[in-house]
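# Residue-level structure breakdown
Each chain is listed here by its residues.
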Amino acid sequence: MSVFFIGGIDTDIGKSYATGMMARYLLKRKISVITQKLVQTGVGSTIADDLLLHRKLMGIVPQPRDIDGTTCPQLFKFPASPHLAAARENRTIDLELITEATAVLQREYEIVLLEGAGGMHVPLKHDCLTIDYVAEQRYPLILVTSGRLGSINHTLMSLETAVARGIPIAGLVFNHCCDSNSEIAADALKIFCNELKKYGCDNALVELPRVDENNPVEITFANIFNKGFSC
Ligand SMILES: Nc1ncnc2c1ncn2[C@@H]1O[C@H](COP(=O)(O)OP(=O)(O)OP(=O)(O)O)[C@@H](O)[C@H]1O
Ligand SMILES: [Mg+2]
């Protein structure tokens, strides 16, 4: 399976940082990788802001597939949930366009990291949540979470609903950027490790520290990518 869906327990949880750092890790290992953004809302330029951050973290310039729009075929101005941002422009989210763009990238790259917008239950259309789309496409999920208060609830719910829909769990990225209290973060980490065991994904967790986008450290994501991708 060459496409991984990078979902989050919430918006602003660190999906773009995690996606960019995973792509950086894979690139350093000479794996041909590209990132894609499902839908970008609140855009400031013709290339999705999240893709620009991915490329910066990967240490590469925007790619031809960024410039021709394949890595994010749908951009909307209003910074809101995709269904609402699209409605504001009298449009709807074109899921086929996204799927076709992913297929193009899959033909050109070994691995496609597809970053979602917001959390797993964010609506794309009135009859399709993000999680519905991921389940339909059968993409393995890499869920980005954090150690901040409230993450345990959101994480366990996101994992349980993903598994209930038959989505394979490829891993969990624990973003330390949002930690508010070290005891709370350490406890959440312990709970997540146990939860992953429940789904047969022991050790598929990577801790992500605060990253300087201008001088990223090297983080290993071997726990996620070295285990054959199937939990
Ligand atoms: N590991 C990190 N290192 C440095 N800053 C981070 C990190 N994680 C999150 N941040 C901070 O939190 C903000 C939100 O992170 P990010 O853009 O990755 O979230 P997101 O989940 O991709 O949001 P969206 O749902 O809008 O795509 C960033 O602009 C940055 O300031
Ligand atoms: Mg993002």
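Above this text is the structure in question.
Position labels on residues start from 1 in each chain and follow its written sequence. Chains carry letters from A onward and ligands carry numbers from 1 onward, assigned in written order. Reporting in this predicted model follows two pLDDT cut-offs: at least 70 for local features of residues, and 80 or more for side-chain atom pairs to be given and counted; totals over whole chains, interfaces and linings ignore these cut-offs and use all residues. In computing side-chain values, all of the structure's heavy atoms are included and hydrogens and water are not.

Looking now at the coordination of the magnesium ion (ligand 2). The expected angle between donors at a tetrahedral four-coordinate metal is 109.5 degrees. At an octahedral six-coordinate metal it is 90 or 180 degrees. For Na, K and Ca the donor cut-off is 3.2 Å; for every other metal, N, O and S atoms count as donors within 2.8 Å. Water does not enter the count, which can leave sites looking incomplete. For the magnesium ion (ligand 2), the protein coordination sphere consists of S16 (OG), D50 (OD) and E115 (OE), at 2.1 Å. In terms of primary sequence, the donors binding the magnesium ion (ligand 2) are separated according to S-x33-D-x64-E. Of this pair, S16 sits in helix α1 (residues 15-28) while D50 is found in helix α2 (residues 49-58), placing the two residues 34 residues apart along the sequence. To qualify as a helix, a DSSP run of H or I must reach at least 4 residues; to qualify as a strand, a run of E must reach at least 2; elements of each kind are numbered from the N terminus.

Turning next to the packing of aromatic side chains. Side-chain rings of Phe, Tyr and Trp, where Trp is taken by its six-membered ring, are said to pair if the distance between their centres is within 6.5 Å; with planes under 30 degrees apart they count as stacked, over 60 as edge-to-face, and otherwise as tilted. Under the defined criterion, the tally for this structure stands at four aromatic pairs. When the centroid spacing of 6.4 Å and the interplanar angle of 25° are considered together, the rings of Y25 and F225 count as stacked. A residue pair is termed long-range when its members are at least 10 positions apart, and Y25 in helix α1 and F225 in helix α9 (residues 222-225) qualify at 200 residues. For the pair Y25 and F225, one class covers both residues: buried. Here the aromatic rings of F174 and F192 are separated by 5.9 Å at their centres, their planes lie at 55°, and the arrangement is tilted. Here F174, found in strand β9 (residues 169-175), pairs with F192, found in helix α8 (residues 182-198); they are 18 residues apart in sequence, far enough to count as distant. Three labels apply to residues, based on accessible area from a 1.4 Å probe with only protein chains included: buried if under 20% of the type maximum, exposed if over 50%, partly exposed otherwise in between.

As a further point, take the state of the cysteines. For the purposes of this analysis, a disulfide is any pair of cysteine sulfur atoms at a distance within 2.5 Å. Across all of its chains, the model carries zero disulfides by this definition. C72 takes part in no disulfide bond, and the closest cysteine sulfur to it belongs to C128, at a distance of 16 Å. Accessibility expressed as a relative area gives 5% for C72, which makes it buried.

When a carboxyl oxygen of Asp or Glu lies within 4 Å of a side-chain nitrogen of Lys or Arg, that pair is called a salt bridge. The tally for this structure, following the rule as stated, stands at 12 salt bridges. Among the salt bridges present, the one from E218 reaches R24, with a minimum N-O distance of 2.7 Å. Residue E218 is found in the loop between β10 (205-208) and α9, and its partner R24 is found in helix α1; the two are separated by 194 residues along the sequence. Judged by relative accessible area, R24 falls into the buried class, the value being 10%. Two residues, D132 and R165, come together in a salt bridge whose shortest N-O distance is 3.3 Å. Placement of the pair is D132 in helix α6 (residues 130-137) and R165 in the loop between α7 (151-164) and β9, with a sequence separation of 33 residues. Take D132: its relative accessible area is 24%, and that puts it in the partly exposed class. Residue classification places R165 among the partly exposed positions, given a relative accessible area of 34%. Salt bridges sharing partners connect three or more residues here, namely R24, K28 and E218.

Here we take up the environment of S146. Within the secondary structure, S146 sits in strand β8 (residues 141-146). Taking the C-alpha atoms as reference points, S146 and G166, 20 residues apart in sequence, are found 24 Å from one another. Residues count as neighbours in contact if any of their non-hydrogen atoms are within 4.5 Å of one another. Those residues in contact with S146 that lie beyond four places of it in its chain are I9, I13, S151, F174, N175, C178 and F192. Here a polar contact means two N or O atoms within 3.5 Å. Within protein one must be a hydrogen donor candidate and the other an acceptor candidate, and residues neighboring in sequence count only if both atoms are side-chain atoms. One polar contact links the side chain of S146 to the main-chain amide nitrogen of R148, over a distance of 3.2 Å. Within the local environment of S146, its side chain forms a polar contact with the side chain of S151, the two groups lying 2.8 Å apart.

Here we take up the site of ligand 1. Close to ligand 1 lie 17 residues; T11, K15, S16, N175 and V211 are nearest. Here I13 contributes a backbone N or O atom positioned 3.1 Å from an oxygen atom of ligand 1. V211 is positioned such that a nitrogen or oxygen atom in its backbone is 2.8 Å from a nitrogen atom of ligand 1. In short, Shrake-Rupley with a 1.4 Å probe defines the accessible areas, and a residue's cover is counted only from the protein chains shown. Relative to its free-state accessible area of 630 Å², ligand 1 is covered by the protein chains to the extent of 77%. The leading source of residues in the shell around ligand 1 is α1, at three residues. Among the residues making up the shell around ligand 1, the classes are represented as six nonpolar, five polar and six charged. We call a residue near a given molecule or strand whenever any one of its heavy atoms falls within 4 Å of it. Here the nonpolar group is Ala, Val, Leu, Ile, Met, Phe, Trp, Tyr, Cys and Pro; Asp, Glu, Lys and Arg are the charged ones; every other residue, Gly included, is treated as polar.

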